[in-house]
Amino acid sequence: MTPLDDYGHSLAGASVLVVDDEPGMRNFLAKTLGPRVKLVAEAASAREATLRLDEAQFDVIVVDNKMPGGSGIDWVRDQRRKGLYAETVLITAYADLETAIAALRAGVSDFVLKPFRANQLVGAVARTLDRGALRRDNRLLRHALGTDGDTQLLGRSAPMQAVRGMLGKLAPLPTPVLFTGATGTGKELAARTLHRMGGRAERPFVAVNCAAIAPDRIAAELFGAVEGDRLRPGLFLLADGGTLFLDEVAQMSDTLQAALLRVLEDQRVRPIGAEREIPLNLRLTFATNTDLEQAVAEGRFRADLYHRINVLRIEMPPLRDRSEDIVELAALFMMHFSKALGMPALRLDDQTLMKLSRYAWPGNVRELRNLVERSVILGGFPDEFAGSGSLTGIEAIENLDLVMQRHIHHVLELSGGNRAEAARRLGVSRKTVDRKVASWGEDG
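Being a predicted model, the structure only gives us computed values, none of them experimental.

A. Highlighting the sheet that holds strand E9 (residues 205-209). Spatial ordering of the open sheet is given by E9-E12-E15-E8-E16, a layout of 5 strands whose pairing is parallel. Of all strands in the sheet, those bounded by a partner on one side alone are E9 and strand E16 (312-315). This sheet shows a mean twist of 20° between the axes of neighbouring strands, independent of strand direction. Relative to strand E12 (residues 243-247), E9 runs parallel, the two sharing 5 bridges. Residue pairing for E12: Ala207 is matched across the bridge by Phe245. Together, strand E8 (177-180), strand E15 (283-288) and E16 form the strand contacts of helix H7 (residues 158-170), whose direction differs from that of E16 by roughly 155°.

B. Representation of the nonpolar core. Within the largest apolar cluster, 39 residues are counted, with the highest numbers of intra-cluster contacts made by Leu222, Phe236, Leu244, Leu246, Phe286 and Ile309. In contact with Phe236, other than residues within four places in its own chain, are Leu222, Phe223, Leu244, Leu246, Leu260, Val263, Leu280, Leu282 and Leu284. The next biggest cluster of nonpolar side chains, apart from the first, holds 22 residues, and it includes Phe337, Leu371, Val376 and Phe381.

C. How the structure looks around the environment of Met166. Note that Met166 resides in helix H7. Residues Met166 and Leu194, 28 residues apart in the sequence, show an inter-C-alpha distance of 9.4 Å.

Rules used throughout
- Residues numbered from 1 in each chain as written.
- Predicted model: local features only at pLDDT ≥ 70, side-chain atom pairs only at ≥ 80, totals over all residues.
- Heavy atoms only, no water.
- Pairing = 2+ DSSP bridges.
- Helix = DSSP H or I, 4+ residues; strand = E, 2+ residues; numbered from the N terminus.
- Axes fitted to C-alpha atoms, helices over the stretch in contact; angles between N-to-C directions.
- Contact = heavy atoms within 4.5 Å.
- Core = buried A, V, L, I, M, F, W, Y, C linked by side-chain atoms within 4.5 Å.
- Buried < 20%, exposed > 50% of the residue type's maximum accessible area, 1.4 Å probe, protein only.

Okay, here's the thing in structure tokens:
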């Protein structure tokens, strides 16, 4: 027989609603589950249970099949039509085939047969939680297929240190965060980092590109839909307890913007075709490479929604403003793709690293990553980045700063000491030149 404590890990964070009209049984259910789960709520009737579901969301519902005014199976079936998202465990005294088939069709996850012992009840609830988590993980895995596999926010430059500092301040807070910046600057990676730094790190991080889902499907994908007698959960529900990242928010239709505004205001979501709004426990993060203020002025984006998502904003710096990170990024990408593709790594000599550092990178980190991947596959860098320097590997990387220092000094001399003109010739921002000169201990 399995000890009750063996189920502790899978139950510890669960919320459970027990539904039974008999006070003695209801008390036994609550006392058995109470010490092992996060929350137990009770309902003495189907009507009371329905009101409970209108107020809060539960992970598991334990319901007796024999109740005044109808069966537990009928109640579960009715709630599924309304948009019930919780897993269900049915208590019944009869395990005939007809009852079992009806329960499964209604969406019941497991059974407990009367009379039963405490460990049988706890085991059924634990199994139900595990199955529900597995289904959710499978749905999230299917959603994540084909997404970018990067998980690290790389770079030690001053702009990236400032970004990390802001993420650290915001991580413990539930406040929505808007990430802005050009394509390829790492907005999703920054959102993932924020998720990992906070208290939701063990829960899902779900990224959604609003521009990549067909307009006629996106509402169902996000909010879910009742199909027949079952709820197909959307990404809001699948991300419950974790973080939902909505990218390209400026591409949302007017209808979807209005629906998202309601979700933000009410912290509830109503699946398409459902009668009930389901409470949410989510951190919402957003991203765009569009000027949302201009979009609001032009009537393409709702002003009220903009103010709701723009509580805290993090601007991701372009790669040209963090040129000192290029060497580190190139080396790490080279190591990653050489291992992932099973192909030889290319030489990163001082000439190649200098050329990489002087390039403007309009596609930002994503462009650099793609260049390294393509070069590994083809067995060499394109002509504009190829080099034949004498220093390679760590020696080249460690000495590149000296090469950059000499090059910037040379351009400054050609520009008569005018840093703005030097920055123009170098193809970088004035503040990049100022930062590099300051890092060498020169006041210019």
